[in-house]
Amino acid sequence: MTTPLEGIPAELVTAELGAGSVHLRVDSQLYPLGAIYAAAYVFLDRCFVLLDRPDERNIRVTLAPKKAGADETILRTFVGEFSNELLSAAWRRQIAQDNRAVIEMVTSQAISAAMGPPSLDDLASFDFGDESFEDPLGIAMSWEEKYKKKDKPDADGTPDPEGKP
Amino acid sequence: MTELRLHRELYAGTAVDAAVKVYARFAAFELVEEASHWIVRVSSKNAARETQVARELANYALGTTIRERGGVQ
């Protein structure tokens with residue numbers, strides 16, 4: 001016989017006190033399966049965990065603590081801990097997904113750096129073309145090139161080629 | 001007899017097979033495939049042992065599935 005746990009919506013969590021287990025209904029549109037797996041994995045050493053899909057949208061998680069004699073308080077604690085773990089796993093996955101491009105770039109740079117300096121063959125095949133790249137702020141220019149004194153024009157308006165006053 | 005219904009989208013068939021092999025010496029098993037579930041029937045002379053083996057088997061199958069699918073990140 002299933003009973004709701006006090007303070008937790010009955011449509012989300014029900015307990016079977018006789019069997020010492022609790023059922024959680026998890027919306028798989030809010031929590032991806034990977035996050036549910038990650039949270040379930042954390043509890044495998046403390047609980048018997050059973051997953052089921054009662055309908056297309058929801059996944060039912062059944063937790064039964066391995067230690068005998070789980071009462072309502074213990075079951076409520078497990079529900080809270082599982083919910084926290086589930087949220088944490090979902091958020092970690094979201095962060096990993098958002099930063100996937102950066103992670104891949106850093107990893108590929110680290111791997112290429114670990115390969116050591118380029119060989120003569122690499123240099124031979126390297127493209128040393130003269131194509132200029134855009135440098136609107138002049139970052140690639142040398143200090144002298146960027147701040148050298150400009151030639152003052154003569155009285156007639158033509159600049160002195162040697163730069164003398 | 002205890003019947004375990006493991007959803008095919010959530011449990012890998014190879015993981016269920018592996019779990020049954022691990023626990024084969026503790027109880028008798030019958031495997032049935034349904035469209036949506038893997039059905040594992042566990043039989044033992046001792047009812048308490050039967051429940052215990054079924055639960056341990058489900059845990060083992062879930063853990064193996066998660067590791068196979070790279071679910072822990």
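The shown structure was predicted, so the numbers you read here are calculated from the model rather than taken from an experiment.

Colleague: Which residues make up the overall build of chain A, and what values go with them?
Modeller: Within chain A one finds five helices and five strands. Counting from the amino terminus, helix and strand elements in chain A follow one another as β-β-β-α-β-β-α-α-α-α. Here chain A holds 165 residues, and 25% of them are scored as buried. Counted over contacts in chain A with a minimum sequence separation of 6, partners at least 24 positions apart contribute 50%. When the accessible area of chain A is evaluated, it comes to approximately 11,900 Å², of which 57% is carbon and sulfur surface.

Colleague: Explain the overall build of chain B to me, using residue names and the numbers behind them.
Modeller: Within chain B, the secondary structure is distributed over two helices and three strands. When the helices and strands of chain B are listed from N to C terminus, the series reads β-α-β-β-α. Taken over the C-alpha trace, chain B has a radius of gyration of 12 Å; the compact-globule value for 73 residues is 11 Å, and the two agree within 12%. Seen along its three principal axes, the alpha-carbon backbone of chain B occupies a region of about 40 × 25 × 15 Å. For chain B, the proportion of its 73 residues judged to be buried stands at 41%. For chain B, the share of sequence-separated contacts (at least 6 apart) that also reach a separation of at least 24 residues comes to 69%. Of the charged side chains in chain B, 10 are positive and 9 negative, and the gap between their average positions amounts to 6 Å.

Colleague: Quick one: what's the story with the sheet that holds strand 3 (residues 21–27) of chain A, residue by residue and with numbers?
Modeller: All names here are of chain A. The sheet built from five strands is open, its strands ordered 1-2-3-5-4 with antiparallel pairing. In the strand order of this sheet, the two ends are held by strand 1 (3–4) and strand 4 (47–52), each with one partner. The sheet contact formed by strand 3 and strand 5 (residues 58–65) spans six bridges and is antiparallel. Residue pairing for strand 5: V26 is matched across the bridge by I59. Sitting on the sheet, helix 2 (residues 72–98) touches strand 2 (13–16), strand 3, strand 4 and strand 5, and the angle it makes with strand 3 is about 25°.

Colleague: So, the interface of chain A and chain B: which residues are in play, and what are the values?
Modeller: Across the boundary between the two partners, chain A contributes 20 residues, which contact 21 residues of chain B. Taken together, both faces of the contact between chain A and chain B bury some 1,800 Å²; the carbon and sulfur share is 57%. It is Y37(A), Y41(A) and F48(A) in chain A that bury the most area against chain B; as a group they hold 37% of the surface buried on that side. The interface formed by chain A and chain B holds one salt bridge in total. Close ionic contact of R53(A) with E9(B) constitutes a salt bridge, the shortest N to O distance being 2.8 Å. Inspection of the chain A/chain B interface yields nine residue pairs in polar contact (both at pLDDT 80 or more).

Colleague: Quick one: what's the story with the pairing of strand 2 (residues 28–33) of chain B, residue by residue and with numbers?
Modeller: All names here are of chain B. Pairing of strand 2 with strand 3 (residues 37–43), which is carried by six bridges, proceeds in the antiparallel orientation. For E30, the partnering residue across the bridge sits in strand 3 and is R41. Hairpin remark: strand 2 followed by strand 3, antiparallel, with three residues in the connecting loop.

Basis of the calculations
Residues numbered from 1 in each chain as written. Chains lettered and ligands numbered in written order. Predicted model: local features only at pLDDT ≥ 70, side-chain atom pairs only at ≥ 80, totals over all residues. Heavy atoms only, no water. Helix = DSSP H or I, 4+ residues; strand = E, 2+ residues; numbered from the N terminus. Buried < 20%, exposed > 50% of the residue type's maximum accessible area, 1.4 Å probe, protein only. Contact = heavy atoms within 4.5 Å. Areas by Shrake-Rupley, 256 points an atom, 1.4 Å probe, with all protein chains shown as cover. Rg over C-alpha atoms; globule rule 2.2 N^0.38 Å. Lys, Arg positive; Asp, Glu negative; His and termini not counted. Charge placed at Lys NZ, Arg CZ, Asp CG, Glu CD. Pairing = 2+ DSSP bridges. Axes fitted to C-alpha atoms, helices over the stretch in contact; angles between N-to-C directions. Buried area = accessible area lost by both parts, 1.4 Å probe. Salt bridge = Lys/Arg side-chain N within 4 Å of Asp/Glu carboxyl O. Polar contact = N/O pair within 3.5 Å; in protein donor to acceptor, adjacent residues only side chain to side chain.

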